[in-house]
Amino acid sequence: MDRVRGKVAIVTGGALGIGRAAGLLLAKEGARVAIADINDDEGKKAVDEIKKDGGEASYWQMDVTNEKEVEKVFGEIYRKYGQINILVNNAGIPGTGKPSDEMTEEEFERVLNIDLKGVFRCTKHAVPYMKKAGGGSIINMSSMLGIIGGGDPVYHAAKGGVRLLSKGDASVYAKANIRVNSVHPGYILTPGFTGMIEKRDPEMLEGFLKSCAERTPLGRMGKPEDIANGILFLASDESSYMTGTELIMDGGITSQ
Ligand SMILES: NC(=O)c1ccc[n+]([C@@H]2O[C@H](COP(=O)([O-])OP(=O)(O)OC[C@H]3O[C@@H](n4cnc5c(N)ncnc54)[C@H](O)[C@@H]3O)[C@@H](O)[C@H]2O)c1
């Protein structure tokens with residue numbers, strides 16, 4: 001119940017999917033949780049769910065592509081709670097699914113702007129508060145596709161960037177007792193994941209989900225809660241000797 005008691009956590013993209021599960025679990029384990037997202041309806045519902053469960057949480061409208069908004073919202077969160085100890089850089093969108101020679105520069109830039117530069121902006125504006133608190137834990141959402149290649153070049157570029165940005169920040173901020181680790185999920189059943197498939201071809205959804213489970217050595221797709229468990233571990237002091245590392249939670253896909 002108390003694995004992160006006394007800490008304040010910001011979860012970007014916490015309205016749905018993996019971020020929502022992470023916010024719920026962090027709150028259950030005692031953290032005060034700030035959900036920062038662009039989906040106000042779902043973000044507020046996530047906060048209500050946390051409160052119904054006895055936890056403490058608040059919702060903040062924040063687009064990770066807008067640095068001024070990130071700076072403002074983090075300042076307000078700090079003023080509300082008096083500290084910021086955990087940042088889960090989870091907000092993200094799928095890639096385009098297009099090969100490089102068919103992608104526009106705008107499409108490429110949009111994915112990088114959210115998935116990679118969003119992590120940079122939020123880290124930049126969380127670090128000063130973590131330094132004041134004497135340390136902190138930053139958990140960056142990469143993907144198994146940030147380690148291996150596949151059919152979605154811009155997503156690999158963004159998530160591979162997150163992996164090494166995490167290692168760079170980990171070495172720079174270790175002296176300030178700020179730990180930075182990346183998380184690498186496999187196929188996780190979330191609204192974002194199913195939405196991506198449906199957008200490309202709605203007819204394909206059922207078969208695609210089945211093939212994801214079949215391609216996974218553990219024989220099933222992951223649940224958002226599977227990833228939330230890893231995020232909680234990295235957020236808590238149980239991982240206090242871990243920084244710059246990559247937590248792969250993919251049911252065994254990258255180990256084949
Ligand atoms: N689902 C998977 O299979 C999977 C696998 C590996 C990595 N990931 C990564 O995990 C993270 C969460 O994915 P998910 O599947 O839970 O997605 P999701 O679409 O279900 O949830 C993503 C959340 O991020 C929010 N968001 C999107 N753009 C934003 C922005 N500009 N500013 C603030 N919030 C924004 C959305 O509103 C949504 O609430 C993403 O970074 C994704 O790339 C997902």
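About the thresholds
- Residues numbered from 1 in each chain as written.
- Predicted model: local features only at pLDDT ≥ 70, side-chain atom pairs only at ≥ 80, totals over all residues.
- Heavy atoms only, no water.
- Pairing = 2+ DSSP bridges.
- Helix = DSSP H or I, 4+ residues; strand = E, 2+ residues; numbered from the N terminus.
- Axes fitted to C-alpha atoms, helices over the stretch in contact; angles between N-to-C directions.
- Parallel < 35°, antiparallel > 145°, perpendicular 65-115°, else oblique.
- Contact = heavy atoms within 4.5 Å.
- Near = heavy atom within 4 Å.
- Polar contact = N/O pair within 3.5 Å; in protein donor to acceptor, adjacent residues only side chain to side chain.
- Nonpolar A, V, L, I, M, F, W, Y, C, P; charged D, E, K, R; others polar.
- Domains from an automatic or database assignment.
- Buried area = accessible area lost by both parts, 1.4 Å probe.
- Core = buried A, V, L, I, M, F, W, Y, C linked by side-chain atoms within 4.5 Å.
- Buried < 20%, exposed > 50% of the residue type's maximum accessible area, 1.4 Å probe, protein only.
- 1 Å grid on protein atoms, 1.4 Å probe; cavity = no way out; pocket = protein on both sides within 12 Å on 5 of 7 lines; lining within 4 Å.
- Points joined across faces, edges and corners; volume = space filled by probe spheres on them.

Asks: Any chance you could break down the sheet that holds strand S7 (residues 246–249) for me, citing the residues and the numbers?
Replies: Taken together, seven strands build an open sheet; the order of strands is S3-S2-S1-S4-S5-S6-S7 and the sheet is parallel. At either end of the open sheet lies a strand with only one pairing partner, and these are strand S3 (56–61) and S7. With direction set aside, neighbouring strand axes in the sheet form an average angle of 20°. With six bridges connecting them, strand S2 (residues 32–37) and S3 associate as parallel partners. Note that in S3 the partner of aspartate 37 across the bridge is glutamine 61.

Asks: Outline the packing of helix H4 (residues 105–115) against helix H5 (residues 117–132), listing residues and values.
Replies: The interhelical angle for the contact between H4 and H5, taken along N-to-C directions, is 30°, at an axis separation of 3 Å. Put simply, H4 runs roughly parallel to H5. Residues Glu109, Leu112, Asn113, Ile114 and Asp115 of H4 pack against Lys117, Gly118, Val119 and Arg121 of H5.

Asks: So what's going on with the site of the ligand? Residues and values would help.
Replies: In the vicinity of the ligand there are 27 residues, among which Ile18, Asp37, Asn90, Tyr155 and Thr190 approach most closely. Threonine 190 places a polar side-chain atom, nitrogen or oxygen, 2.5 Å from an oxygen atom of the ligand. One of the backbone nitrogen or oxygen atoms of glycine 192 is found 2.9 Å away from an oxygen atom of the ligand. Going through the elements one at a time, helix H1 (17–28), helix H6 (153–173) and helix H7 (191–200) are the ones with two or more residues in the shell around the ligand. For the shell around the ligand, the element with the most residues is H7, which contributes three residues. Looking at the shell around the ligand residue by residue, the classes come out as 14 nonpolar, ten polar and three charged. Two domains share the shell around the ligand, each providing at least three of its residues, namely domain 1 (8–186 + 223–249) and domain 2 (188–221).

Asks: Give me the domain arrangement of the protein chain: which residues, what numbers.
Replies: Split into domains, the protein chain comes out as domain 1 (8–186 + 223–249) and domain 2 (188–221). A separation of 23 Å is found between the C-alpha centroids of domain 1 and domain 2. At the junction of the two partners, domain 1 supplies 14 residues and domain 2 supplies nine residues. Summing both partners gives a buried area of about 740 Å² for domain 1 against domain 2, and 63% of it is carried by carbon and sulfur.

Asks: Tell me about the nonpolar core, and please be specific about residues and values.
Replies: Counting 32 residues, the largest nonpolar core has Ile10, Met62, Phe74, Ile77 and Leu87 as the members making the most contacts within it. Of all elements in the fold, only strand S1 (8–12), S2, helix H3 (67–81), H4, H5, H6 and strand S6 (178–185) reach the threshold of two or more residues within this core. Among all residues touching methionine 62, those that are not within four sequence positions of it are Thr12, Ala36, Asp37, Ile38, Glu69, Val70, Val73, Phe74 and Cys122. With 29 residues, the next largest nonpolar core counts Val4, Ala27, Ile86 and Val183 among its residues.

Asks: Can you tell me about empty space enclosed by the protein, naming the residues and giving the values?
Replies: If you walk through the whole model with that rule in mind, you get one cavity of 30 Å³ or more. Estimates place the volume of the largest cavity at around 30 Å³. The wall of the largest cavity is formed by Thr12, Val64, Asn89, Asn90, Ala91, Ile114, Gly118, Val119 and Cys122. Residue contributions to the lining of the largest cavity peak at three residues, all from H5. Split into classes, the residues belonging to the lining of the largest cavity amount to five nonpolar, four polar and no charged.

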